[in-house]
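Reading the structure
If you want the building blocks of each chain, they are given just below.
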Amino acid sequence: MRKIIITLLILIAYQSFGQNLNMTQLPSTINSKATEYAPSLSADGQTMVFQSNVDGKYKLYISKQINGVWSKSIPIDGINNYDKESALIGGPSLSYDGNQIYFFSFFKSGFGLEDIYFSNRNASGWGMPINAGKMINTSDYEGFPSISSDGNKLYFIRKKRNKDNPNVFCTKIMVSERDSKGNWKLPIELPPPINLNCEKCPRILSDNETLIFASNRLNKQSAVNDLFLSRLSPDQSWTDPLPIAPLNTPGDDQFATISSKGDLVYFINDKAGNYDIYFAELPEMYRPRKVTDIQGIVQNEMQHPISAGIFIYADGILKNQGGLVSNESDGAFGYTLTHGFSYQVITQAPGHHSDTFNINLKAETAYGLKKRDIVLKEKIGKLIVKTENAITHAPILAIMEEGEDRIEQEVAGQFSIDVRYQDSIQARIEREGFESQDFNFNYNADKVTLNYTIALKPVDPSLFIQVIDKDTKSPISPELDLLEEGNATPVFRGKMLTEGLRKNLNFDKIYRIRIRLPGYFSFQDTINLAGVFEGRKVNRIIPLVQLKEGNKLSLSSIYFGSNSAELSDDSKGVLDEVAFVLRQNRNVTVEIGAHSDDVGENSFNLTLSQKRADAVKAYLLTRGVLDSALSSKGYGEINPVAPNDSEENRALNRRVEFIILKVR
């Protein structure tokens, strides 16, 4: 009795085939004398991908409909040539936006038997196949993928045990959904009434609710399949599958797809002696829910294509997890909106302001195809690079060198640079007295302002001293004492070479130098690095005055109180060195000459300068210099060494000179 019922159902299905179905065979630009299988359409119905063995092996082909005419199909070389040893590449599913092809094949790079792969459309065609991953694929058979119109679900088949007929190859329909990061989750088996025995070739339609598939449920002992349709209910359960009577024949019916508009069905039939692709107008009862397809391109203000994520909210609920992305080669995108909802669609790309599109389709009844291009404005970020002293953390003025460009700071201690997404900066930060530092920056964030601090390490201060004979200008080799104030250990003590002395010094210190050479006046000075925290270079060429008649040692470092002849303590230290030389050279007679600037009356300055010369003599006498070796004279303002036109020049004129009168 059961076999009779099954036979009657098959007969009814066969008798129904062709009724009210004006089927048309696609032209020879698509069909051949070989086999064509598994057609798949883009949302606008203008692109078809299918499999064919016209070249001896099953490969993928693509054709476009231009002005209602299908172009000659061409092999998809980016996929077909990936692994030439593969005997089968099939079951293609062209994403509704036309940017991806999902398919199955046995490639050496897979996890075992047939795996599911996908390829991205690029500027030159289609890219290298990418394995859908270990969440989708196993070491066993997976095949015939179908990607949902929102890119969020992937339906496919996986091998299962046929309990009714172990000799018949059997599969079940699986579905995987994307997680919040766009990765595929662990797939689940569709429950009954979808999976009952052996189900094959799922195709999720444009509304993401209507599923067509092949099954042998009308004769579980047979390998012959018929086509069925089921719809996803609001409670996420599937309706009892309905045989698609106009498509079912006594033969094996497996491969069909329905246009996004829902009016046309594309299927295979062997009435011409081999399987070819046909199309026909589909009765209303088998059509998916009405949808509106939105298509366009995403680009920036410079009309450059952008790869952007598209997120669809239906009545405030996110319907996809980033499965839709505009094509990076030309910016093309597409998405399908099922009628009955109010939508908000947000398009986002790193480094750009997002775009929001609102459309209310709650009352829409007719299929729609809308063109909508999107221009995303770039986010212009501000990169603030602050430069500071690594020791004091005080801002320092620096230079940034990027290639041949030199960027100067508008604000001391700070660079301000406009940056765009994926801008790359490779520069060197420089400041004299500091170690240079390389700066590498890639802008891949959405922050408007980015702050970086570059702490430049200061180079140690350095000292170069060379001593020369004042008359001959020739380098000489005296004794040098170099002392750091507060440190008992000399930095250097010994005989200098004629080439001079180079020495690194410490930050924030005061140094005293003393130079002695028999037959010359000594030299004493201070190097003040208090508050210095960078690599200051101190270069000193010091002339020593030889002890011979007529030579003159001029000291502007002898200080007195204002309008006073009282010596300062620092001046006494300088005079101690003069006293040391005169004690060592008692055959030398010198005149102490005191000079003033032109401030005040000449008579007053003359008198004051005489008092100051006498004060210097008196101090030297206390330091053991013979009275007979000294004379003193005040010159007032009559012998300036610089114009009295600035405070600096007047300081030069306020000086004490030692003139050698006689060397016995």
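Before any of the text, the structure's been laid out above.
Below is a summary of the structure that appears in this document. (Residues numbered from 1 in each chain as written. Predicted model: local features only at pLDDT ≥ 70, side-chain atom pairs only at ≥ 80, totals over all residues. Heavy atoms only, no water.)

Examining the overall build of the chain
Convention followed: Working definition: helices are DSSP H or I runs of at least four residues, strands are E runs of at least two. Numbering for both runs from the N terminus. In this description the radius of gyration comes from C-alpha coordinates, and the expected globular size is given by 2.2 Å times residues to the power 0.38. Burial classes: relative accessible area under 20% of the type maximum marks a residue as buried, over 50% as exposed, and values in between as partly exposed (1.4 Å probe, protein chains only). Here, residues are in contact when the closest pair of their heavy atoms is within 4.5 Å. When charges are counted, Lys and Arg contribute as positive and Asp and Glu as negative, whereas His and the chain ends are disregarded. Think of each charge as sitting on NZ of Lys, CZ of Arg, CG of Asp or CD of Glu.
The helix and strand tally for the chain stands at five helices and 49 strands. In terms of overall dimensions, the chain is more spread out than a globule: its C-alpha atoms have a radius of gyration of 48 Å, far above the 26 Å expected for 664 residues. Viewed in the frame of its principal axes, the chain has a C-alpha envelope of about 150 × 50 × 45 Å. The buried share of the chain, taken over its 664 residues, is 50%. The long-range fraction of contacts in the chain, counting pairs at least 24 apart against all pairs at least 6 apart in sequence, stands at 59%. Averaged over its 74 positive side-chain charges, the chain has a centre that lies 3 Å from the centre of its 80 negative ones.

Section: the pattern of salt bridges
This is how the line gets drawn: Take a side-chain nitrogen of Lys or Arg and a carboxyl oxygen of Asp or Glu: if they are within 4 Å of each other, that pair is a salt bridge.
By the definition in use, this model includes 30 salt bridges. With its nearest N and O atoms 3.4 Å apart, the salt bridge here joins E284 to K290. Residue class for K290 comes out partly exposed when judged on its relative accessible area of 25%. One salt bridge in this structure joins R654 and D597, with 2.6 Å as the shortest N-O distance.

A word on the sheet that holds strand β43 (residues 510-516)
Cut-off, in case you're wondering: DSSP-based pairing: two strands are paired if at least 2 bridges between them are found. Under this scheme, a helix contributes an axis fitted over its contacting stretch, all axes are lines through C-alpha atoms, and angles between N-to-C directions fall in the 0 to 180 degree range.
Pairing within the open sheet is antiparallel, and its four strands lie in the order β41-β40-β43-β44. Only two strands of the sheet have a single neighbouring strand rather than two, namely β41 (492-495) and β44 (523-528). Averaged over neighbouring strand pairs, the angle between their axes works out to 10 degrees when direction is ignored. With six bridges connecting them, strand β40 (residues 479-484) and β43 associate as antiparallel partners.

Points about the state of the cysteines
Put simply, the rule is: Note on terminology: disulfide denotes any pair of cysteine sulfur atoms within 2.5 Å.
Inspection of every chain in the model, using the stated rule, returns one disulfide. Put simply, C170 and C198 are joined by a disulfide, and their sulfur atoms are 1.9 Å apart. Given an S-S torsion of about -115 degrees, the disulfide between C170 and C198 has left-handed geometry. Here the residue C170 occupies a position in strand β14 (residues 170-177), and C198 occupies one in the loop between β15 (188-189) and β16 (199-204), the gap between them amounting to 28 residues. Side by side, C170 and C198 carry an identical accessibility label, which is buried.

Section: the sheet that holds strand β32 (residues 381-389)
Taken in spatial order, the three strands line up as β35-β32-β38 in an open sheet, and their pairing is mixed. Either end of the sheet is taken by a strand with one partner, and the two such strands are β35 (414-419) and β38 (449-456). Adjacent strand axes in the sheet meet at a mean angle of 20 degrees when their direction is disregarded. Judged from the eight bridges that link them, β32 and β38 form a sheet pairing that is parallel. Residue pairing for β38: K386 is matched across the bridge by T453.

A look at helix α3 (residues 569-584)
So the rule is basically this: To estimate how far a helix should extend, the number of its residues minus one is multiplied by 1.5 Å.
Taking 1.5 Å per residue, 16 residues should reach 22 Å; α3 reaches 23 Å between its end C-alpha atoms and fits that length. Residues S571, V574, L575, E577, V578, A579, V581 and L582 constitute the buried set of α3.

Some thoughts on the environment of E301
Relative to the assigned elements, E301 resides in the loop between β23 (291-300) and β24 (309-314). Judged by relative accessible area, which is 49%, E301 ranks as partly exposed. Counting along the chain gives 74 residues from E301 to V375, while the straight-line C-alpha distance between them is 6.3 Å. In this structure E301 touches V375, L376, K377 and E378, once residues within four positions along its chain are discounted.

Points about the packing of aromatic side chains
Quick reminder of the rule: Here is the rule: rings of Phe, Tyr and Trp (six-membered ring for Trp) pair when centre to centre is within 6.5 Å. Planes less than 30 degrees apart are stacked, more than 60 are edge-to-face, and the remainder are tilted.
By the definition in use, this model includes 22 aromatic pairs. Summarising the aromatic geometry, the rings of Y37 and F255 are spaced 4.6 Å apart at their centres and angled 45 degrees between planes, so their arrangement reads as tilted. In this pair, Y37 is assigned in strand β2 (residues 36-41) and F255 in the loop between β19 (242-243) and β20 (256-258), connecting sequence segments 218 residues apart. Residue Y37 shares its accessibility class with F255, and that shared class is buried. Taken together, a centroid distance of 6.0 Å and an interplanar angle of 20 degrees make the contact between F50 and Y61 stacked. With F50 in strand β3 (residues 47-52) and Y61 in strand β4 (residues 59-66), this pair connects stretches of sequence that are eleven residues apart. For the residue pair F50 and Y61, the accessibility class agrees, reading buried in each case. Members of the aromatic cluster, joined through ring pairs, are Y37, Y58, F104, Y141, F144, F255 and Y275.

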